[in-house]
Amino acid sequence: MMWNLNNKIALVTGGTKGIGKATVEEFLDLGAQVIFTARNAGEVKELETQFTKNGKKAYGVTADVSKEDDLKKLQEFVTKKFDRLDILVNNAGINIRKAAMDYSITEFDKIIVINLMAPFHMSRSFYSLLKKSGAASVINVASVAGTQDVKSGSPYAMAKAGLLQQTRSLASEWALDHIRVNAVSPWYTETPLTKSVFENEERFAKIKERTPMQRVAQPEEMAATIAFLAMNKASYVTGQNIIVDGGLSANGL
């Protein structure tokens, strides 16, 4: 049976909350060993303790993946512990929702660096370890905002659109290295990142109205799609963007 992640080594960035945490949990349930990162040391340690108490093989590393020193620390940890990587999930991301004219240069740069540049540098940094796998999978967590305007702010949308092209380019370049690269594009999902949006009742109503399924997603629904792309069952899927949006992109009215 290939519908599992047995003996797989996975790395998930932004793994203590929302889609990242749900993905870590899904991977562990499917038999993988999982390294996860976040910037908050307390949250990382607490979650690692919770997983290990339940007999799961989870390893938390405090790291800001947009910083070169932290990236090197993470790379050294994975190399020393496993000396290979089968799955990389570039999930860490941020957003600042404003009108285009209201962003400072610092805010713009921060959004681009974390959502677009960090996944690129992560993927390159772990290239040699992914190549050692012989059947590796990189999954970039993008967004519906990367393919259409959903009022999430221009910098975020630009970064996610760039991440989709990054996915296609690396998939083509690394195919003969047996590294698949795909993206998952969520629509609004119930996470800490979207909490402020959902607190706006008028905005929340519009989101549900535009979604044929008339609800927002749960993190576990994104994690399941990510897990499929990580499996050997998806061995001929690369360079793709799976849009998980409750029917939004199919809805003409």
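A. Fine view of the nonpolar core. By size, the foremost hydrophobic cluster in this structure holds 29 residues, and its most contacted members are Leu-5, Phe-27, Val-34, Ile-87, Val-89, Ile-139 and Ile-226. For this core, the secondary structure elements donating two or more residues are strand E1 (9-12), helix H1 (18-29), strand E2 (33-38), helix H2 (41-53), strand E4 (87-90), strand E5 (136-141) and helix H9 (219-230). By residue number, the principal contributor to this core is H9, which donates five residues. In contact with Leu-5, not counting residues within four places along its chain, are Phe-27, Leu-30, Gly-31, Ala-32, Ile-87, Ala-230 and Met-231. Grouped together as the second largest cluster of nonpolar side chains are 25 residues, Val-78, Phe-126, Leu-129 and Ile-179 included.

B. Helix H4 (residues 105-125), seen in detail. Of all the bends in H4, the largest measures some 40° and sits at Val-113. All of the buried residues in H4 are Glu-107, Ile-111, Ile-112, Ile-114, Asn-115, Ala-118, Pro-119, Met-122, Ser-123 and Ser-125.

C. View of the sheet that holds E5. The seven strands lie next to each other as E3-E2-E1-E4-E5-E6-E7, forming an open sheet whose pairing is parallel. Every other strand in the sheet has two partners, leaving strand E3 (58-62) and strand E7 (241-244) as the edge strands with one partner each. The average angle at which neighbouring strand axes cross in this sheet is 15°, direction not considered. As paired strands, E1 and E4 are joined by three bridges and run parallel to one another. For Leu-11, the partnering residue across the bridge sits in E4 and is Leu-88. Lying over the sheet, H4 contacts E1, E4 and E5, oriented at roughly 165° with respect to E4.

D. Main features of the packing of helix H3 (residues 68-81) against H4. For the pair H3 and H4, interaxial distance at closest approach is 11 Å and the crossing angle is 35°. In this structure, H3 crosses over H4, and the sense of that crossing is right-handed. When H3 is examined against H4, the residues Leu-71, Leu-74 and Gln-75 are found in contact with a partner set consisting of His-121, Met-122 and Ser-125. A breakdown of the residues in the contact of H3 with H4 according to their chemical character gives three nonpolar, three polar and no charged.

E. Examining the packing of H1 against H9 more closely. In the contact formed by H1 and H9, the axes pass within 8 Å of each other and the chain directions differ by 55°. As the angle between them shows, H1 and H9 are arranged oblique. Every pair of crossing elements has a handedness; the one defined by H1 and H9 is right-handed. Contact residues: H1 offers Gly-18, Ile-19, Ala-22, Thr-23, Glu-26 and Phe-27, while H9 offers Pro-219, Glu-220, Met-222, Ala-223, Ala-224, Ile-226, Ala-227 and Ala-230. Residues of the contact of H1 with H9, tallied by class, amount to ten nonpolar, two polar and two charged.

Definitions and cut-offs
Residues numbered from 1 in each chain as written. Predicted model: local features only at pLDDT ≥ 70, side-chain atom pairs only at ≥ 80, totals over all residues. Heavy atoms only, no water. Core = buried A, V, L, I, M, F, W, Y, C linked by side-chain atoms within 4.5 Å. Buried < 20%, exposed > 50% of the residue type's maximum accessible area, 1.4 Å probe, protein only. Helix = DSSP H or I, 4+ residues; strand = E, 2+ residues; numbered from the N terminus. Contact = heavy atoms within 4.5 Å. Bend = angle between axes of the 7 residues up to and from the residue. Pairing = 2+ DSSP bridges. Axes fitted to C-alpha atoms, helices over the stretch in contact; angles between N-to-C directions. Left-handed = near helix turned anticlockwise from the far one by under 90°. Nonpolar A, V, L, I, M, F, W, Y, C, P; charged D, E, K, R; others polar. Parallel < 35°, antiparallel > 145°, perpendicular 65-115°, else oblique.

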